[in-house]
Every structure is written in structure tokens, then in C-alpha cells.
Amino acid sequence: MAAELDAATGGLLSVWEAARESTTSRLSSAQLRAVMVVERHDGINLRRLANLLNMLLSSASRLCDRLVAAGMLEREPGRSDRREIALHLTPEATRLLAALRRDRRQRLAAVLAGMSGEDRGALLRGLVEFDRVARAREGEGGPVVELPSAPPSPGARPGDGTPAVRSA
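Parameters at a glance
Residues numbered from 1 in each chain as written. Predicted model: local features only at pLDDT ≥ 70, side-chain atom pairs only at ≥ 80, totals over all residues. Heavy atoms only, no water. Helix = DSSP H or I, 4+ residues; strand = E, 2+ residues; numbered from the N terminus. Buried < 20%, exposed > 50% of the residue type's maximum accessible area, 1.4 Å probe, protein only. Areas by Shrake-Rupley, 256 points an atom, 1.4 Å probe, with all protein chains shown as cover. Expected span 1.5 Å × (residues − 1). Core = buried A, V, L, I, M, F, W, Y, C linked by side-chain atoms within 4.5 Å. Contact = heavy atoms within 4.5 Å. Salt bridge = Lys/Arg side-chain N within 4 Å of Asp/Glu carboxyl O. Axes fitted to C-alpha atoms, helices over the stretch in contact; angles between N-to-C directions. Left-handed = near helix turned anticlockwise from the far one by under 90°. Nonpolar A, V, L, I, M, F, W, Y, C, P; charged D, E, K, R; others polar. Polar contact = N/O pair within 3.5 Å; in protein donor to acceptor, adjacent residues only side chain to side chain. pLDDT = per-residue confidence, 0-100.

Looking at the overall build of the chain
Part 1 of the argument: Broken down by element type, the chain carries seven helices and three strands.
Part 2 of the argument: Listing the helices and strands of the chain from first to last along the sequence gives α-α-α-β-α-α-β-β-α-α.
Part 3 of the argument: Within the chain, the fraction of its 168 residues that count as buried is 35%.
Part 4 of the argument: Accessible surface, the chain: about 9,900 Å² in total, of which carbon and sulfur atoms supply 55%.

Here's what the structure looks like:
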């Protein structure tokens, strides 16, 4: 099953990568992942970021240095322990992620428009469950997985068999 899923996700990953390249080309994939983790865990410390990214602490520290220099992250002394650093997104990073998601959703919508409502619903249900399990694994030290949020299909109406989509 894993091999079939790996082969079948080629189209999704190419849509994802095209949006990333057009919107966030100045960030590496590792930097983008770090920004997305900080977005989800505002105020995260460096040790937890390194753990979620499955990186050495020193590598995560250098990655954050580059993101601070690029204007994507801000470091703040911890509230309870001033030796600990809390990481936050800058407004520029927030705008960049919003632009990435807009571009990604437009590209996904174009592909989804060619699928039947039944197939769109099956895809969404499967990805939602995959996301749930991946996030549960993240809490156990598993890898961080950022899945695209599927946009509503063009022309979808309540009750047409297309499940409601929650926004990321």
C-alpha cells in the first residue's frame, strides 16, 4: 500500500512543489518546514523545533539563524526561563505562508475540477485521516507532515456528496 500511495502522490507533490517554487523560492524546503512548524507551535523553543524537524539541535539553531536573518523568524527570551528562546513568525513570514496557500489552493482547485465529486470526497476523507494519524505520530516524535488543505471543488454545493472542507 505504501508503494502505491508513493506512486499516486506524484501529481499532488508536483502541484505542491510548483506552488512552493513560485511563492517561496527564496526559502529552502527545510526552512519552509521550520516556518510552518513555528506557525503551528507559536513560541516553540529550539529544542522542540529540532525534535519536530528530526534535526540536531545545532543544525536547527543554524537554520533559525538564517531564518532570522531572512526576516522570517523572531527570537524572544522565554517568559519562564530567560535562557530559553521562544520562536515566532514575523509578519513577512505570515504573508508569505498566506500567499503560498492561496497559490497552492488555486493549483489544487484546477486539478480537482477534473475529478468527480465522489472521487474528491474519497480523496479528502483519506487525506484527513492521514493527517490525523501523522499529527498523532508527531506528538510521539514522528516527522512533521504538512498536508495541503483541499479547496472546495468548483461548483460544489452542500448535499452533492462532496464533504465540507475545513480551512487550514
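So, next bit.
Focus: helix H6 (residues 91–112)
Part 1 of the argument: Counted at 1.5 Å a residue, the expected span for H6 with its 22 residues is 32 Å, and the 31 Å between its end C-alpha atoms agrees.
Part 2 of the argument: For H6, the complete set of buried residues consists of Ala 93, Leu 96, Leu 97, Leu 100, Arg 101, Asp 103, Arg 104, Leu 108, Ala 109 and Leu 112.

What to know about helix H3 (residues 29–40)
Part 1 of the argument: For H3, built from twelve residues, the straight-helix expectation of 16 Å at 1.5 Å per residue is met to within 8% by its first-to-last C-alpha distance of 17 Å.
Part 2 of the argument: Taken together, the buried positions of H3 are Gln 31, Leu 32, Ala 34, Val 35, Met 36, Val 37 and Val 38.

Quick look at the nonpolar core
Part 1 of the argument: Core analysis: the largest hydrophobic core is formed by 26 residues, its most contacted members being Leu 49 and Leu 67.
Part 2 of the argument: Those elements that place two or more of their residues in this core are H3, helix H4 (46–52), helix H5 (57–69), strand E3 (85–89) and H6.
Part 3 of the argument: Among the elements that line this core, the one with the most residues is H3, at six residues.
Part 4 of the argument: Residues contacting Leu 67, with those up to four places away along its chain left out, are Leu 27, Gln 31, Ala 34, Val 35, Met 72 and Leu 73.

Some remarks on the pattern of salt bridges
Part 1 of the argument: All told, the structure shown has eight salt bridges when counted by the stated rule.
Part 2 of the argument: Note that Asp 131 and Arg 135 form a salt bridge whose closest N and O atoms lie 2.9 Å from each other. Taken together, the positions of Asp 131 and Arg 135, both in helix H7 (residues 117–139) and four residues apart, correspond to about one turn of that helix.
Part 3 of the argument: Judged by relative accessible area, Arg 135 falls into the partly exposed class, the value being 36%.
Part 4 of the argument: Linked through salt bridges whose partners overlap, the residues forming this network are Glu 17, Arg 20 and Glu 21.

Considering the packing of helix H2 (residues 10–24) against H6
Part 1 of the argument: H6 packs onto H2 with a crossing angle of 145 degrees between their chain directions and a minimal axis gap of 9 Å. Both H2 and H6 take part in a crossing whose hand is right-handed. Of the residues in H6, those touching H2 at Leu 12, Val 15, Trp 16, Ala 18, Ala 19, Arg 20, Ser 22, Thr 23 and Thr 24 are Leu 96, Ala 99, Leu 100, Asp 103, Arg 104, Arg 107, Leu 108 and Val 111.
Part 2 of the argument: Among the residues making up the contact of H2 with H6, the classes are represented as ten nonpolar, three polar and four charged.

Structural notes on the side chain of His 88
Part 1 of the argument: Residue position: His 88 is located in strand E3.
Part 2 of the argument: At a separation of 2.9 Å, a polar atom in the side chain of His 88 contacts the side chain of Glu 76.
Part 3 of the argument: Not counting residues within four places of it along the chain, the set of residues in contact with His 88 comprises Val 38, Asp 42, Gly 43, Met 72, Leu 73, Glu 74 and Glu 76.

Some remarks on the side chain of Arg 20
Part 1 of the argument: By secondary structure assignment, the location of Arg 20 is in helix H2.
Part 2 of the argument: Separated by 2.6 Å, the side chains of Arg 20 and Glu 21 make a polar contact.
Part 3 of the argument: One polar contact links the side chain of Arg 20 to the main-chain carbonyl oxygen of Leu 27, over a distance of 2.8 Å.
Part 4 of the argument: Each residue touching Arg 20, except ones within four places of it in the same chain, is listed here: Ser 25, Leu 27, Ser 28, Ser 29, Leu 32 and Leu 100.

A few points about the confidence of the model for the chain
Part 1 of the argument: Overall, the predicted model of the chain reaches an average pLDDT of 83, with 82% of residues at or above 70.
Part 2 of the argument: Looking at the elements of the chain, mean pLDDT is at its lowest for helix H1 (residues 2–8), recorded as 87, and at its highest for H5, recorded as 96.
Part 3 of the argument: Considering only residues more than four positions removed or in separate chains, one finds that residues 142–168, a stretch of pLDDT under 50, has 58 contacts.

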